Amino acid sequence: MENVMFSLEGFNFSEVQDKLSSTDNGFESMRGGNIGKQFNSYGTEDWGGSGAIDSLYSGYGFYQDVSSSEEIIFSKYPRLEPQPEPHQQSYSDFGLFDHLRFDIASPPIQTCLEEISKLGEMPTEIQDVVQPKKDKQFPFSLASLELLKNYGSGIKRLNGDRRIEPSTETPLTKMSSRKLSAEEIMRIAGERFIRSSSQAVEDVVSMLGNPFNLSFSGLSDEEIRDVELAEFLLASAEKVGDQQYERATRFLNQCDYLSSNKGNPVQRVVYYFSEALREKIDRETGRICIRELGKKQPFDVDLAMMSSNPTTLACHEAIPFSQVLQFTGIQAIVENVAEAKRIHVIDLGIRNGVQWTVLMQSLASRCGCPIELLKITAVGTAAKHLLEETGKNLESFAQSMNLPFSYNTVMVSDMLDLKEDLFEINPEEKVVVYALFTLRSMISVPNRLENIMRVVRNINPCMMVVTEVDANHNSPVFVNRFIEALFYFSAYFDCLDACMKRDDPHRMVTESMFFGDGIRDIVAAEGKERKTRNVKLDVWRAFFTRYGMEEIELSMVSLYQANLVVKKFPCESSCTLELNGKSLLVGWKGTPIHSLSVWKFI
C-alpha cells in the first residue's frame, strides 16, 4: 500500500480560507508528500424525561457525579504516556448503575476540593465501569503538594524548574524563574482555601488583616494578588453553594474590584466567573426570572463557527488545538479509506468545512488508487443558507484540485426526525461519520442523542471520528461543576494569553462571547436551562460501548501528525499530547482540553 500520510508542508489555513471564500476556480493544488513518524464523569442530572431514558443514561455515566482518578483537579496529568486499554464491558455491566441517583444539594466547597484530592487513592463507580481497577496512584494530589501543612520545607513546583520555599520568618521575595500559570495559581488558592476553611479562626482582627492566614513566601507580588483574588472567588462560590447570597456578594465585590476582562489570565478568569456567580445569585433570589432570561438571545457558538468570521480564523491560526484535532482526525480517515475509490463523509456539524480541504489535498495527491468520488453530506437543523454556502466553497475548492466531488445537505427541524433513508448511501461507498463537538450539545436532550446513534448504527460506517471537550462540566452538584469549570477555563485562558496578544480584539471576543457565555451557562443555570454539559472521554467510552462500538487505535502516523502540528506553534512546549486508551487527549500544560477518538461498530 502507498504511504497514506499527507504533508503539512505548504499548507496554510489563511490561504485555504481565502480560497474557500473566493469564487475563482483557478487555484493551485497544494503539495502532498511523505513525513517520518514518532509520537509523544460526571453526569447529567435528571431532565425530567421518562424513566426508561433516565435508567438508560445512568448506565452510560451521564448521570454520575463521581470523578475517576484521571480527573484529579489538583494533580498534574501524565504526558505522552500510553494508558492501559479500557476494559471491554458487556451490556449487563451498565445495568449495575441504573438505580443511581444523586442528591443535588451542594456540599461545602472545601469538602468538594478535599474529596477530589483523595480520588487518587479511592475507586469510583465510573472507574469500575470503564476500566479495570489499577494499583495506580497519582503522586501530585492536593495533599502531596504539602502547601497545606509543611511550610518549613521546600516544595518543588510541578515541572521542577522552580521552588517555592515558604517560611513564616522571612519576607516575601520575588522569584526570578518562570511565572506561574493561571491554573497553578488556582491550585495554590485552592490549597490555601482548604487550609483556612478547616481552621477555627478566633481572632477576627487577624482574619481581616490576612483573611486566608497563610504565608505567601516564594510568590511574586503579582502572584500574591492573583492568589488572593482566586481565594475571594472560591469563598464566594462556597457561599453561593450554601445559599448565603449576601455574604457571597461581599466576596464578589472584592472580585469585581480586583479583576478585569483586560488583565492577566487570572484576573480575566475571575472576571467572567464573578459575572456568572452574580447571575446565579439573581436567578436564585428571583431578581432575574427564567422567563426574562429566555427573552435574551443567547450567543450561538455553532452558528458563529459556520461562518468564516475573522475571530474564528484568528484563533484557528494562533491556537494549536483546532489544527491538531483536524489533522490528526483527517489522517485517521486517510488511513482507513486508503483503498476506497468512493468515499462518503457524513458530517454531523460541518461548521465552515475547512477541515475537508485537508482531506481533499490528500486524496488529490493519492497515487495507485485514484479517487472516483468524494461525497460530503452535511447534517443541520438551522441556517440552511450557511450549509449551502459551505458546500459551494468546498465544491469550488475541489474543482481547483480536479477532485471528483459532490455535496449534499440533510436538513431536519429536529434531530428526532433524522433517519438513515435521508442519506443517499451507495453500496460501493466507504462511509465515514465525523462528529466535531456535536454530540455534547445533545446530552441535555438524550432522546435526540439516542436517535443519532441509532441512525449511525443503521448506516454502519467504517469509522466514526469524535472530537469533544474533555472536561467535567455536567455535575448536578454546583460546587463540583464550578471547580471543574474554573480549572478548565484557567488553563484555556492561560493558553490564549500565551498564543495571542493581550490587546488582540479577537482574543477579547473569544473570551467574552465564546467562553463567557459558556461559563455563565455552566455556573448560573440549573436543570433544563443548562445546555453546556461537557463530559470526559471515559464517559463517552462507556456510552459508545453500550451501542456495540469499539475504539480504534490511533496509528503512530496519526500521533506523529499531531506532534508535527504542535511544533508549528511558538507555544509547542505548553501544548501537551497524551494517549488515553487508544485515543488522544490534547491539553495545555497537562490539563486536558479536547479529546479525539475513533470508533467502529463491532
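Residues numbered from 1 in each chain as written. Predicted model: local features only at pLDDT ≥ 70, side-chain atom pairs only at ≥ 80, totals over all residues. Heavy atoms only, no water.

Caption draft 1: Representation of the overall build of the protein. What the protein contains, in helices and strands, is 21 helices and 11 strands. Taking all 602 residues of the protein together, 58% fall into the buried category. Element-wise, carbon and sulfur atoms account for 49% of the exposed surface of the protein, whose accessible area totals about 24,200 Å². (Helix = DSSP H or I, 4+ residues; strand = E, 2+ residues; numbered from the N terminus. Buried < 20%, exposed > 50% of the residue type's maximum accessible area, 1.4 Å probe, protein only. Areas by Shrake-Rupley, 256 points an atom, 1.4 Å probe, with all protein chains shown as cover.)

Caption draft 2: Quick look at the environment of Gln267. Relative to the elements of secondary structure, Gln267 occurs in helix α10 (residues 265-285). The spatial distance from the C-alpha of Gln267 to the C-alpha of Ala230 is 8.5 Å, given a sequence separation of 37 residues.

Caption draft 3: Spatial organisation of the pattern of salt bridges. A complete count under the given rule lists 25 salt bridges for this structure. Notably, a salt bridge pairs Asp494 with Lys589, separated by 3.1 Å at the nearest N-O pair. Taken together, the residues Asp494 in helix α18 (residues 478-499) and Lys589 in the loop between β10 (583-588) and β11 (591-601) connect sequence positions 95 residues apart. By relative accessible area, which is 11% here, Asp494 ends up buried. One salt-bridge network, held together by shared partners, links Arg268, Asp497, Arg502, Arg507 and Glu511. (Salt bridge = Lys/Arg side-chain N within 4 Å of Asp/Glu carboxyl O.)

Caption draft 4: Local environment of the nonpolar core. Ranked by internal contacts, the top residues of the largest apolar core, which has 111 residues, are Phe273, Ile333, Trp356, Leu374 and Phe482. The dominant element in this core, judged by the number of residues it contributes, is α18, at 15 residues. The next biggest cluster of nonpolar side chains, apart from the first, holds 31 residues, and it includes Ile346, Val410, Met442 and Ile459. (Core = buried A, V, L, I, M, F, W, Y, C linked by side-chain atoms within 4.5 Å.)

Caption draft 5: Structural detail: the packing of helix α13 (residues 310-318) against helix α19 (residues 505-524). Relative orientation of the contacting elements α13 and α19 amounts to 105 degrees, with a least axis distance of 9 Å. Comparing the axis directions of α13 and α19 gives the class roughly perpendicular. Across from Pro310, Thr311, Thr312, Ala314 and Cys315 in α13, the residues of α19 making contact are His506, Val509, Thr510 and Phe514. Of the residues that constitute the contact of α13 with α19, the class distribution is five nonpolar, four polar and no charged. (Axes fitted to C-alpha atoms, helices over the stretch in contact; angles between N-to-C directions. Parallel < 35°, antiparallel > 145°, perpendicular 65-115°, else oblique. Contact = heavy atoms within 4.5 Å. Nonpolar A, V, L, I, M, F, W, Y, C, P; charged D, E, K, R; others polar.)

Caption draft 6: Focus on the pairing of strand β4 (residues 373-380). Of all eight residues in β4, eight are buried; the element is thus mostly enclosed. Of the two faces of β4, the one lined by Leu373, Lys375, Thr377 and Val379 and the one lined by Leu374, Ile376, Ala378 and Gly380 are each fully buried. Pairing of strand β3 (residues 342-347) with β4 involves six bridges; the strand directions are parallel. Residue pairing in the sheet places Val345 in a bridge with Ile376 of β4. For the crossover from β4 across helix α16 (residues 384-400) to strand β5 (residues 405-411), the handedness is right-handed. (Pairing = 2+ DSSP bridges. Right-handed = clockwise from strand over helix to strand, strands pointing away.)

Caption draft 7: The confidence of the model for the protein, seen in detail. Overall, the prediction assigns the protein a mean pLDDT of 74, with 64% of residues at 70 or greater. Averaged pLDDT values over the elements of the protein bottom out at 25 in strand β1 (residues 155-156) and peak at 98 in β3. Confidence drops under pLDDT 50 across residues 22-60; counting only partners more than four residues distant or on other chains, this segment forms 141 contacts. (pLDDT = per-residue confidence, 0-100.)

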